[in-house]
Amino acid sequence: MTTPRRKVIIDCDTGVDDALALVLCLKNLEVVGITTVGGNVGLASTQRNTRYVTEVTGYTHVPVFAGYDRPMLEPLRDASYVHGAGGLGPIEVPEPKKPLESRHGVDYLIETYMAHDDITLITLGPLTNVAHALLREPRLAGRIPEILCMGGSATFGNATPAAEFNIYTDPEAAKIVFESGIPIRMVGLNLTREQRVTPALMAAAEAIDNDVARMVARLCGHVLDRSGGTGSFCDACAVMWLVEPAVITKSLKLHVTVETRGEFTRGMTVCDTRPYAGAAPGVDIDRQWQSEPSLPGKAPNVEVAMDLDQEKFNEVLLDTLRRYSET
Ligand code: RIB
Ligand code: CA
């Protein structure tokens, strides 16, 4: 008997790496619905790109909703300089035939989680929609079983030296979510930097004869062209924790909070690794060194991914792409 697929809702700002994450989730998990948010590019593009990916993958039955187009306090500072003007790099996205749902994405989140408490929430963009849902319906904090979040970092940022883009775009929203009490698994830049998009990965995708693999190969080309071999599919790293848990080889439970006021650190995920300080200065932080479960008032609230198996990542990705050839 096959194991039941994990039910998930995905909240995303479909750009290049969100698209790859959707490809992985649609084939390997039970995607109940997808809400979209302004982030990498504006909401008009992120919702269109998301509908486009459901068409390319053949999962047009999965409903796509539009949420908020801008953060709670500040105007949207998008990342079109990374993902291209339309959000999917070189891909000219046609208007999908699949319609956008009429309900607002936050209404969908509230209604769905008030009726179900067995659906993991995957967040791949700014946390604006999720924060609004929690503010409007506080009971969601006791009904969302888990959040798997691509965001933040246990080390350096990308939007600023201290802050990662998803958190930096809407720090107030992130603080609300990280302090909600919902169990969170966080995949930050400290982890995603271990995944590299390589010419070999692009060539392997190109060798698979289906439209999904061809789309992914083009996305690989965009990342390679833009980053010269140092780019990652951040969102794909995050969803791998559910698709194939063996890809994430180390994690630590840490106290994490979001800086909202720092002049140079606004949007930083402040990860408290002090309980794991090594016995000697040169020793990497690790569970083995846990001196005490937590420091006073700093109980761990987030499981933070720390290491990734790159070979396993590529293996799972290419296997998924091959299975898109199956009818
Ligand atoms: O910092 C990387 C994250 O910000 C990814 O989710 C990317 O898609 C952007 O949303
Ligand atoms: Ca994203």
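Rules used in this analysis
Residue numbers here run from 1 along each chain, matching the order of that chain's written sequence. Chains carry letters from A onward and ligands carry numbers from 1 onward, assigned in written order. Only residues with pLDDT of at least 70 get local features here, since the model is predicted, and only at 80 or more are side-chain atom pairs given and counted; chain-wide, interface and lining totals rely on the full set of residues. Excluded from the side-chain calculations are hydrogens and water; all other atoms, namely the structure's heavy atoms, are used. Take the buried Ala, Val, Leu, Ile, Met, Phe, Trp, Tyr and Cys residues and link them wherever side-chain atoms come within 4.5 Å; each set so joined is a nonpolar core. Buried residues are those whose accessible area, probed at 1.4 Å on protein chains only, stays under 20% of the maximum for their type, while exposed residues exceed 50% and partly exposed ones sit between those limits. Going along the chain from the N terminus, every DSSP run of H or I of four or more residues is numbered as a helix, and every run of E of two or more is numbered as a strand. Two residues form a contact once any of their heavy atoms are found within 4.5 Å. Only nitrogen, oxygen and sulfur atoms qualify as donors, and only when within 2.8 Å of the metal (3.2 Å in the case of Na, K and Ca); with water excluded, sites may look incomplete. Summary of the distance rule: residues count as near a molecule or strand when at least one heavy atom falls within 4 Å of that molecule or strand. Identification of polar contacts relies on pairs of N or O atoms within 3.5 Å, with a donor-acceptor requirement for protein atoms, meaning one able to donate a hydrogen and the other able to accept it, and with residues adjacent in sequence counted only if both atoms are side-chain atoms. Reported accessibility uses the Shrake-Rupley method at a 1.4 Å probe radius. Residues are deemed covered only where the shown protein chains occlude them. Note on residue categories: nonpolar means Ala, Val, Leu, Ile, Met, Phe, Trp, Tyr, Cys or Pro, charged means Asp, Glu, Lys or Arg, and polar means any other residue, Gly included. Geometry of aromatic contacts follows a simple scheme: Phe, Tyr and Trp rings, the Trp one being its six-membered ring, pair when their centres are within 6.5 Å, and the pair is stacked under 30 degrees between planes, edge-to-face over 60, tilted otherwise. A ring is scored as having a charge over it whenever the NZ atom of a lysine or the CZ atom of an arginine sits within 6 Å of its centre and within 35 degrees of its normal. Criterion for a disulfide: a pair of cysteine sulfur atoms within 2.5 Å.

### Remarks on the nonpolar core
Phase 1: If you look at the biggest cluster of nonpolar residues, it comprises 64 residues, and the most contacted ones within it are Ile10, Ile122, Leu124, Phe233 and Leu321.
Phase 2: Leu121, Ala133, Val177 and Ile184 belong to the second-largest nonpolar core, a separate cluster that totals 35 residues.

### Observations regarding the environment of Ile119
Phase 1: Along the polypeptide, Ile119 turns up in the loop between α4 (105–115) and β4 (120–123).
Phase 2: Ile119 gets classed as buried once you look at its relative accessible area, which sits at 2%.
Phase 3: Once the C-alpha coordinates of Ile119 and Lys7 are considered, the two residues, 112 residues apart in sequence, prove to be 5.0 Å apart.
Phase 4: Those residues in contact with Ile119, other than ones at most four positions away along the chain, are Lys7, Val8, Ile9, Val32, Thr112, Tyr113 and Pro145.

### Regarding the coordination of the calcium ion (ligand 2)
Phase 1: Donor atoms from the polypeptide that bind the calcium ion (ligand 2) are Asp13 (OD), Asp18 (OD), Asp18 (OD), Leu124 (O) and Asp235 (OD), placed at 2.2 to 2.6 Å.
Phase 2: Mapped onto the sequence, the donors of the calcium ion (ligand 2) take the spacing D-x4-D-x105-L-x110-D. Taken as a pair, Asp18 in helix α1 (residues 16–28) and Leu124 in the loop between β4 and α5 (128–136) lie far apart in primary sequence, 106 residues in all.
Phase 3: Residue class for Leu124 comes out buried when judged on its relative accessible area of 1%.

### With respect to the site of ligand 1
Phase 1: Contacts to ligand 1 come from Asp13, Asp17, Asp18, Asn40, His83, Leu124, Met150, Asn158, Glu164, Phe165, Asn166 and Asp235.
Phase 2: For ligand 1, an oxygen atom lies 2.8 Å from a polar atom in the side chain of Asn158.
Phase 3: Protein chains bury 96% of the 280 Å² of accessible surface belonging to ligand 1 in isolation.
Phase 4: Of all the secondary structure elements, the ones that give two or more residues to the shell around ligand 1 are α1 and α6 (165–169).
Phase 5: Classifying every residue of the shell around ligand 1 gives three nonpolar, four polar and five charged.

### Concerning the packing of aromatic side chains
Phase 1: Overall, the coordinates contain two aromatic pairs when judged by the stated rule.
Phase 2: Seen in terms of ring centroids, Tyr59 and Tyr324 are 6.5 Å apart; in terms of plane orientation they differ by 80 degrees. Their pairing is edge-to-face. Of the two residues, Tyr59 sits in the loop between α2 (43–57) and β3 (64–66) while Tyr324 sits in the segment after α12 (310–323), which places them 265 residues apart along the sequence.
Phase 3: For Tyr324, a relative accessible area of 11% gives the class buried.
Phase 4: Just above the ring of Trp241 sits the side chain of Arg185; from NZ or CZ to the centre is 4.8 Å.

### Quick look at the state of the cysteines
Phase 1: The final tally for this structure, using the stated rule, is zero disulfides.
Phase 2: In this structure Cys149 is a free cysteine whose sulfur lies 11 Å from that of Cys271, the closest cysteine sulfur available.
Phase 3: Taking the relative accessible area as the measure of exposure, Cys149 reaches 1% and is therefore buried.

Interpretation note: all reported values are geometric properties and have no functional meaning in isolation.
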